[in-house]
Amino acid sequence: MTALDIIPEVACPPTDLWSDEPPLESDLHLQQIIILLSCLELLWRERSDYYASGNLTIYYNAEQLKKRDFCGPDFFVVLDTEKRPRKSWVVWGERGKYPDLIVEILSDSTANIDRNNKKILYQNTFRTPNYFWFDPNTLELQGFRLIEGQYQAISPNEQGYLWSEQLGLYLGIFDRKLRYFTANGQLVPTPQEAELEQRQAKEQALLEKEQALLEKEQAFLEKERERQAKEKLAQKLRELGIDPDAV
């Protein structure tokens, strides 16, 4: 018997785990998560190197499994990974990767945990570079950047937006919802808004084309009226015995 024969088998924790999160607090939470997901998917539609999800369990150690102490951010993004459907995010099955950005949607029952317990977890264990929380009722928005192992508050710009270097986008409030803004301050549209913009742009282009055709037709009619007036005058001069070319 060799030394290799007596090495004990190491039981690896499972990686094919279902998410085990409670229902969302309210319709506002659902609407907000859908906005964050759908806007990013539309903006990054050409990318396949990220994963974004909402209200999905993150499994990060075996002890957590035993205690059933699950953690599911309201919204999170992981960069430099494969974009594919998942039942949950299992850190040990994802090359040890944790979220690069997390957003928690505050409620009366979760605000204290989100501001304290989860902030400590995301700072010390997840080491998530960007952490934001947003209250859809009071519109409170806070953001933090991990600097030398500690979360430091992100200062807002003149519009009150908070920059996320992980996304390369601002997060700010528009129409009482948390939205993305580009580096130059442009609102990142939802799929519905983008579809409306495209439809309006097509309608505007069609109107401009019709206007151009109308102007062209009016110009033609004006020239035709001038030609007919000249011809009428010439005919009158001929009746008077006057050569119109000599006038």
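Every value quoted in this text rests on a predicted model; they were computed, and no experiment measured them.

### Quick word on the overall build of the protein
Phase 1: For the protein, the count of helices and strands is five helices and eleven strands.
Phase 2: Evaluated residue by residue, the protein yields a buried proportion of 36% over its 247 residues.
Phase 3: Residue pairs in contact within the protein that sit at least 24 positions apart in sequence constitute 55% of those at least 6 positions apart.
Phase 4: Accessible surface, the protein: about 15600 Å² in total, of which carbon and sulfur atoms supply 52%.

### Regarding the packing of aromatic side chains
Phase 1: Going through the model one piece at a time under the given rule, you end up with 15 aromatic pairs.
Phase 2: Summarising the aromatic geometry, the rings of Trp 44 and Tyr 50 are spaced 4.9 Å apart at their centres and angled 80° between planes, so their arrangement reads as edge-to-face. For the residue pair Trp 44 and Tyr 50, the accessibility class agrees, reading buried in each case.
Phase 3: Relative to Phe 144, the ring of Trp 133 lies with its centre 5.1 Å away and its plane at 55°, an arrangement referred to as tilted.

### Some thoughts on the sheet that holds strand β3 (residues 75–79)
Phase 1: Taken in spatial order, the six strands make up an open sheet running β1-β3-β5-β6-β7-β8, and their pairing is mixed. The sheet is open, and its two edges are formed by β1 (50–53) and β8 (150–153), each paired on a single side. Geometrically, the sheet is characterised by an average inter-axis angle of 15° between neighbouring strands, direction not taken into account.
Phase 2: Examined bridge by bridge, strand β6 (residues 130–134) and strand β7 (residues 141–147) share five bridges and lie antiparallel to one another. The partner of Asn 130 across the bridge, within β7, is Arg 145.
Phase 3: On the sheet, helix α1 (residues 27–43) packs against β1, β3, β5 (101–105) and β6 and is oriented at approximately 160° with respect to β1.

### Observations concerning the environment of Ala 111
Phase 1: Tracing the backbone shows Ala 111 in helix α3 (residues 111–115).
Phase 2: On the basis of relative accessible area, Ala 111 is assigned to the buried category, the value being 10%.
Phase 3: The sequence separation of Ala 111 and Phe 134 amounts to 23 residues, and the corresponding C-alpha distance is 9.5 Å.

### A word on the pattern of salt bridges
It is possible for side chains bearing opposite charge to pair when their charged atoms get close.
Phase 1: Scanning all chains against the criterion turns up eleven salt bridges.
Phase 2: When the shortest N-O distance is used, the salt bridge between Arg 84 and Glu 82 registers 3.2 Å.
Phase 3: Judged by relative accessible area, which is 34%, Arg 84 ranks as partly exposed.
Phase 4: The salt bridge involving Lys 118 is made with Asp 114; its shortest N-O contact spans 4.0 Å.
Phase 5: Where salt bridges share partners, they join Glu 82, Arg 84, Arg 86 and Glu 94 into one cluster.

### Quick look at the sheet that holds strand β9 (residues 162–164)
In a beta sheet, neighbouring strands are held together by backbone hydrogen bonds and run either parallel or antiparallel to one another.
Phase 1: Reading across the sheet, the three strands line up as β9-β10-β11 and stay open at both edges, with antiparallel pairing between neighbours. Two strands close off the open sheet at either side, each with one partner strand: β9 and β11 (177–181). When strand polarity is set aside, the average angle formed by the axes of neighbouring strands in this sheet is 35°.
Phase 2: One ladder, built from five bridges, connects strand β10 (residues 169–174) with β11; its direction is antiparallel. Across the sheet, Leu 171 pairs through a bridge with Tyr 180, a residue of β11.
Phase 3: Against the sheet, α1 contacts β10 and β11, and its axis sits at roughly 10° relative to β11.

The rules we used
Residues numbered from 1 in each chain as written. Predicted model: local features only at pLDDT ≥ 70, side-chain atom pairs only at ≥ 80, totals over all residues. Heavy atoms only, no water. Helix = DSSP H or I, 4+ residues; strand = E, 2+ residues; numbered from the N terminus. Buried < 20%, exposed > 50% of the residue type's maximum accessible area, 1.4 Å probe, protein only. Contact = heavy atoms within 4.5 Å. Areas by Shrake-Rupley, 256 points an atom, 1.4 Å probe, with all protein chains shown as cover. Phe/Tyr/Trp six-rings, centres within 6.5 Å; stacked < 30°, edge-to-face > 60°. Pairing = 2+ DSSP bridges. Axes fitted to C-alpha atoms, helices over the stretch in contact; angles between N-to-C directions. Salt bridge = Lys/Arg side-chain N within 4 Å of Asp/Glu carboxyl O.

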